[in-house]
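# Descriptive structure summary
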Amino acid sequence: MRGGGAVSAIRYTLTTAKSAGFCFGVDRAVKLVYEALSAGKQVATLGPVVHNDAVVGDLLEKGARIISQVSELREGETLIIRAHGVSRAVYEELRQRGNPVIDATCPFVERIHRIVEEQSAAGREVFIAGDPDHPEVQGIVGFGTGNCTVFRDETELKYLIDRTLPKRLALTAQTTYNKISWADCIKALPADHPDLQIFDTICNATAARQSDADALSRESDLMIVAGGRHSSNTLKLVDVCRRNCPTWHIDDAREMFGLADEISAAAREALAKPQRSDPVLHIGITAGASTPAHIIKEVQTYMSEIIDTNITTPDSEDVSFVDELEKTFKKIRKGDRVKGIVASISGNSEVMVDLGAKQTGYITLSELTSDTSKKPSDLVAVGDELDLVVIQVNDAEGTVQLSKRRVDEMIGFETILKAKEEGTVLEGTIVSVVKGGLIAVTTDGVNVFIPASHSGLRRDADLNVLLKQTVRFKIIDVNEQRRRAVGSIREVADADRKAAEERFWATAKVGDVFTGEVKSLTNYGAFVDLGGIDGMVHVSELSWSRIHQPSDVVAVGDTIEVYIKALNPETRRISLGHRRPEDNPWVKFVQNYAVGDIVDATIVSITAFGAFARITDGIDGLIHISQLSEQRVTNVKDVVKAGDTVTVKITAIDEEKKRISLSIRAALEELGTENAETESEEVVYSDETPADDASDAE
Ligand code: F3S
């Protein structure tokens, strides 16, 4: 952004780089510390949370402590891991100590941890472009399981390559690494390396700051870079700017007054250059990712004062610098619809988005979806292009908060309106149970309220059974202004049932076989779902055996095979059979047994006049008291009891009355005769009878 001042002969512009100041990661870390402090927690940070004395001083004043190693933690103290991240060993140490931890590692740094971990595990040696003494780099190295080597620049890389070029190599960089140096390093690598993986992990915020600083310093006569003396990304900005014009690195805006003479002299010198044709003096300002917005504002103010006091005085009609600044900040405005590419996914909470702009875009989980059961990785992947709406622009911090959910809802709501108009059935997932009903999220991401009475469940049913279920519903009411929609699962279920019924009555015929679920039981039968329509199996049709009630043989939820015994289209009654004629035990009995057969049977019950004995499943015959023994019997119980196995002769079968008469006595008589015959035959025909025995017999 450009502002300026003028006197009769000299004009000047004061331009602040479009991306300058707090980056997303630092802003997030600082906010987490303030949040923890205001929640009353005892807070320690592993190193200063940001390379800025003013911010760190304020945090210390509010009670935060800075420690240099985990062992310094006090009991119960919450450790905040700063945006630089830490090594895996530090995580392990923290786990063992058990102190509460707030992990503010920047998602971009986390991505490098993952890359190093995966590449090492894949057997590649990892070269990391960066400062080996920087905590971020030390944390990154701590995620490697194999060889990890850090190099500072192209020269060191060349040296490494010349010494031994790893056969399998992965190259990555510290997030704040200089873009130009990175390009030089890539060029230094052999183009024909057979197994080389290159990961450009330079953070967009850093890259944007560097390229903006580069562009701005190319067209400026002098540059001011604000940021901590130890801030790696600020030092890179200083480097970049110094290649193009005289540059001053300041930690604090007040330092500028000490530099006023130097800056004024450089300004005069630039204007006095003999080959210069442009009469306007151009001053550029940028700031590192750890510089808060108020410091940038102070630099702008002090710089104007220095120029105005030492060189010239701006004309009153000149464009206000602050106004110009504001205009620039509004390039991406709240409410804009933008497209973004997913750059990384941070755990379970955020998605970082490349907007192709200077700012870093991010989407929190709640702005990604309304479905709380989902994780960001369930919904998007790195490289996906997303339609988004801008919900917050923070120019000072260089971030843009975006929402996918709201765009989905806007698009989705059009579908809702159409569905209401056309009576279309929609699909969605039940995401929560709320007072009076359920919330379903459509496939387009729109929330639809489903009243309990429209859930399709019984009145007293627990709505939670539908949680996370995919359901079909119709839109029954829409409030366009408030973007509220009401749906009904019941209407769809009713319509489905009706359609199934019509289909059934149009095609069903006696004898048709179905496999259906038992929906309910009464004393007189079982109701079976035939696919949207219920039919009844009478208790007498459930089993060939004698049963007292349906629950003796089936339970609700059982799947059984049934066939249509009778249909009444007028009353819409369907009578079903479950037992099959071919399984009729009487039919089987008469096919396999006949009068005169001698069989084993089990006594199943005793009466005064005899005992009932079971021959096969479902077939019992009566042994009359007179047939229980060859002797006279006065009390049945004296001879048999339930459970006894007896040998009986079938003496009569009355097919009409389905009665069978049995006799133990007849069986004994017949078997006695047979035994006698067998014994006599054995004497006559035995070839093995000894001679002595034979003579004895004689
Ligand atoms: Fe993260 Fe980039 Fe800042 S890596 S901490 S957003 S400079």
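Scroll up to find the structure.
First, a word on scope: everything that follows refers to the structure included in this document.

Criteria and cut-off values
- Residues numbered from 1 in each chain as written.
- Predicted model: local features only at pLDDT ≥ 70, side-chain atom pairs only at ≥ 80, totals over all residues.
- Heavy atoms only, no water.
- Core = buried A, V, L, I, M, F, W, Y, C linked by side-chain atoms within 4.5 Å.
- Buried < 20%, exposed > 50% of the residue type's maximum accessible area, 1.4 Å probe, protein only.
- Helix = DSSP H or I, 4+ residues; strand = E, 2+ residues; numbered from the N terminus.
- Contact = heavy atoms within 4.5 Å.
- Pairing = 2+ DSSP bridges.
- 1 Å grid on protein atoms, 1.4 Å probe; cavity = no way out; pocket = protein on both sides within 12 Å on 5 of 7 lines; lining within 4 Å.
- Points joined across faces, edges and corners; volume = space filled by probe spheres on them.
- Nonpolar A, V, L, I, M, F, W, Y, C, P; charged D, E, K, R; others polar.

### Section: the nonpolar core
- The biggest cluster of nonpolar side chains holds 28 residues, and the ones touching the most others in it are Val30, Val33, Val43, Val49, Val50, Leu59 and Ile80.
- Breaking this core down by element, the ones donating at least two residues are α1 (24-38), α2 (53-61) and α4 (107-121).
- Filtering out sequence-adjacent residues up to four positions away, Leu59 remains in contact with Val33, Tyr34, Leu37, Val49 and Ala64.
- Formed by 27 residues, the second largest nonpolar core is a distinct cluster that contains Ala270, Ala287, Ile306 and Ile307.

### Observations regarding the environment of Ile598
- Looking at the secondary structure, you find Ile598 in strand β29 (residues 598-607).
- Exposure remark for Ile598: the relative accessible area of 29% places this residue in the partly exposed category.
- Between the C-alpha atoms of Ile598 and Lys498, which are 100 residues apart in sequence, the distance is 58 Å.
- Not counting residues within four places of it along the chain, the set of residues in contact with Ile598 comprises Thr647, Val648, Lys649, Ala667, Glu670 and Leu671.

### Remarks on the pairing of strand β27 (residues 559-568)
- Across five bridges, strand β24 (residues 513-521) lies against β27 in antiparallel orientation. If you follow Phe514 over to β27, its bridge partner there is Val562.
- Relative to strand β28 (residues 573-577), β27 runs antiparallel, the two being bridged by five bridges. Residue pairing in the sheet places Ala566 in a bridge with Ser575 of β28.
- The loop that links β27 with its antiparallel partner β28 comprises four residues; one of these, Arg572, has a positive phi angle of about 60 degrees.

### A few points about empty space enclosed by the protein
- Taken as a whole, this structure holds two cavities of 30 Å³ or more when the rule is applied.
- Roughly 290 Å³ of internal volume is contained in the largest cavity.
- Lining the largest cavity are 26 residues; nearest its centre among them are Cys23, Val26, Ala83, His84 and Thr176.
- At the level of elements, α1, α4, α8 (204-218) and α9 (232-242) are the ones that each hand at least two residues to the lining of the largest cavity.
- If one sorts the elements of the lining of the largest cavity by residue count, α1 sits on top with three residues.
- Across the lining of the largest cavity, the residue classes tally to 13 nonpolar, eleven polar and two charged.
- As a volume, the second largest cavity reaches approximately 40 Å³.
- Residue lining of the second largest cavity: Val33, Thr45, Pro48, Val49, Val56, Leu59, Leu60, Ala64 and Ile66, and that is the complete set.
- The element that contributes the greatest number of residues to the lining of the second largest cavity is α2, accounting for three residues.
- Residue classes in the lining of the second largest cavity are distributed as eight nonpolar, one polar and no charged.

Everything listed here is a matter of coordinates, which is why it stays silent on function.
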